[in-house]
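If you want the building blocks of each chain, they are given just below.
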Amino acid sequence: MALKPPREPLVWALFSGGGMAAALVLPALAAILWLAAPLGLLGPLDHEGMGRLAEHALMRLALGILLPLLFFHWAHRFRYTLYDGLQLYHLSRLIALVTYGAALVLSAGALWVLWSLG
Amino acid sequence: MTSRKEGVSGGNGETSPPSPSAEAGTPEGTIPEEVHAMGDRGEPSAPENPHHTRYHPKWHREPIPITWWTRNRRYAAFILRELTSVLVLYAGVLLLVHLVALSRGPESHAAFQEWLGRPGVVVFHLLVLAGLLYHTVTWLNLAPRAIVPHIRGRRIPPRVVLLAHYLAWFALSAVLLAVLWPTLRG
């Protein structure tokens with residue numbers, strides 16, 4: 001109802017890819033970047049080194065794939081959590097619009113930031 | 001089973017809209033032959049029965065409160081698992097904020113690092129890490145059910161698929177640590 005059938009496999013593939021990417025890389029990134037580094041367990045992050053890393057073409061390519069996948073994973077899964085958890089079946093169109101729309105805007109923002117880093 | 005075949009006693013060929021008074025015409029205890037046990041099946045039976053009306057009984061459904069998932073631990077675990085997607089969104093946004101802070105220069109990056117080091121933020125990120133680990137474990141544990149590979153017609157055992165996913169997770173985590181290691185002064 002919310003989307004025409006042909007689009008459903010695409011958003012499901014993005015959900016699935018994003019779920020796998022999140023499962024494989026996010027715990028390590030969260031542990032290193034948001035806990036170990038600011039707490040000084042592995043020493044603070046060096047701005048110069050991080051800048052060089054983020055400007056590397058391969059890193060920008062990897063983040064350009066990872067970030068949209070994460071956003072669309074959230075959009076698809078959260079959409080169904082709202083349906084089932086809160087029984088908002090009558091708002092299905094609005095929920096799909098808001099979740100996929102937010103993922104689209106965030107992905108565009110991420111690609112723009114990554115593009116301007118180069 | 002209620003029937004809404006109106007105007008049984010009529011016979012003038014007109015179809016009347018459903019009304020309680022029309023049901024009075026049905027002789028008590030008799031069920032018209034055309035009435036299906038399943039209600040209206042959608043067959044256009046109009047040629048045989050000019051009094052046919054489309055009628056579908058409304059099923060009785062027990063209303064389910066929106067707190068249904070608090071009744072049972074398995075339901076709560078399911079909703080908790082589904083809500084990890086919010087943490088995935090948060091992680092993506094925070095990585096993006098980190099990139100923006102980097103692009104704005106050393107002061108901006110230092111301010112972001114200072115914010116990350118605040119006690120409240122550290123405690124929050126410990127909870128975020130716990131949630132992200134919950135996502136990883138639940139996701140990888142489902143992998144053998146979602147991915148059923150075959151080699152020369154023989155199915156690869158689910159345990160092997162599961163092990164391969166966990167090995168991939170550990171290997172990628174080690175790679176990420178190795179890539180970020182030179183940027184950590186300590």
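Basis of the calculations
- Residues numbered from 1 in each chain as written.
- Chains lettered and ligands numbered in written order.
- Predicted model: local features only at pLDDT ≥ 70, side-chain atom pairs only at ≥ 80, totals over all residues.
- Helix = DSSP H or I, 4+ residues; strand = E, 2+ residues; numbered from the N terminus.
- Rg over C-alpha atoms; globule rule 2.2 N^0.38 Å.
- Buried ≥ 20, exposed ≤ 12 C-beta atoms within 10 Å, placed from the backbone.
- Contact = placed C-beta atoms within 7 Å.
- Core = buried A, V, L, I, M, F, W, Y, C linked by C-beta atoms within 7 Å.
- pLDDT = per-residue confidence, 0-100.
- Expected span 1.5 Å × (residues − 1).

1. Digging into the overall build of chain A
Logical step 1: Each helix and strand counted, chain A has four helices and zero strands in total.
Logical step 2: For chain A, the sequential pattern of α-helices and β-strands runs α-α-α-α.
Logical step 3: For 118 residues, the compact-globule estimate of 2.2 N^0.38 gives 13 Å, and the C-alpha radius of gyration of chain A, at 17 Å, exceeds that figure by more than 25%.
Logical step 4: Projecting the C-alpha coordinates of chain A onto the three principal axes gives extents of approximately 50 × 30 × 20 Å.
Logical step 5: For chain A, buried positions account for 42% of its 118 residues.
Logical step 6: Taking the contacts inside chain A whose residues are at least 6 apart along the sequence as the reference set, 78% of them involve residues at least 24 apart.

2. Digging into the nonpolar core
Logical step 1: Core analysis: the biggest nonpolar cluster contains 54 residues, and Ala30, Leu70 and Phe71 of chain A have the highest contact counts within it.
Logical step 2: Elements that contribute at least two residues to this core include exactly helix H1 (7–39), helix H3 (57–86) and helix H4 (92–117) of chain A together with helix H2 (73–103), helix H3 (106–116), helix H4 (119–146) and helix H5 (158–180) of chain B.
Logical step 3: Among the elements that line this core, the one with the most residues is H1 of chain A, at 16 residues.
Logical step 4: Sequence-distant contacts of leucine 70 of chain A, that is, excluding residues within four places in its chain, are made with Gly18, Ala21 and Ala22 of chain A together with Val88, Leu89, Ala91 and Gly92 of chain B.

3. Topic: the environment of leucine 70 of chain A
Logical step 1: Counting through the fold element by element, leucine 70 of chain A comes out in helix H3.
Logical step 2: In sequence terms leucine 70 of chain A and phenylalanine 15 of chain A are 55 residues apart; their C-alpha atoms lie 8.0 Å from each other.

4. What about the confidence of the model for chain B?
Residues and elements named next belong to chain B.
Logical step 1: The predicted model of chain B averages 80 in pLDDT, with 73% of residues at 70 or higher.
Logical step 2: Contacts from residues 1–26, a stretch scored under 50 in pLDDT, to residues over four places away or in other chains number 32 contacts.
Logical step 3: At the level of chain-chain contacts, confidence expressed as ipTM amounts to 0.93, with global pTM at 0.77.

5. Considering H4 of chain A
The α-helix winds at 3.6 residues per turn, so residues separated by three or four positions along the chain end up facing the same way.
Logical step 1: Its 26 residues place the ends of H4 of chain A 37 Å apart at the C-alpha level, agreeing with the 38 Å of an ideal helix rising 1.5 Å per residue.
Logical step 2: Elements in contact with the buried residues of H4 of chain A: H1 and H3 of chain A together with H2 of chain B.

6. Some words on unusual backbone geometry
Logical step 1: Phi angles above zero are rare outside glycine, and glutamine 87 of chain A is one such case at about 55°.
Logical step 2: Along the chain, the position of glutamine 87 of chain A falls in the loop between H3 and H4.
Logical step 3: C-beta crowding within 10 Å serves as the criterion here: with 14 such atoms nearby, glutamine 87 of chain A is assigned to the partly exposed category.
Logical step 4: We note that arginine 152 of chain B has phi near 50°; this positive angle belongs to a residue other than glycine.
Logical step 5: Considering the arrangement of structural elements, one finds arginine 152 of chain B in the loop between strand E1 (150–151) and strand E2 (154–155).
Logical step 6: You can call arginine 152 of chain B exposed: it has 4 C-beta atoms within 10 Å.

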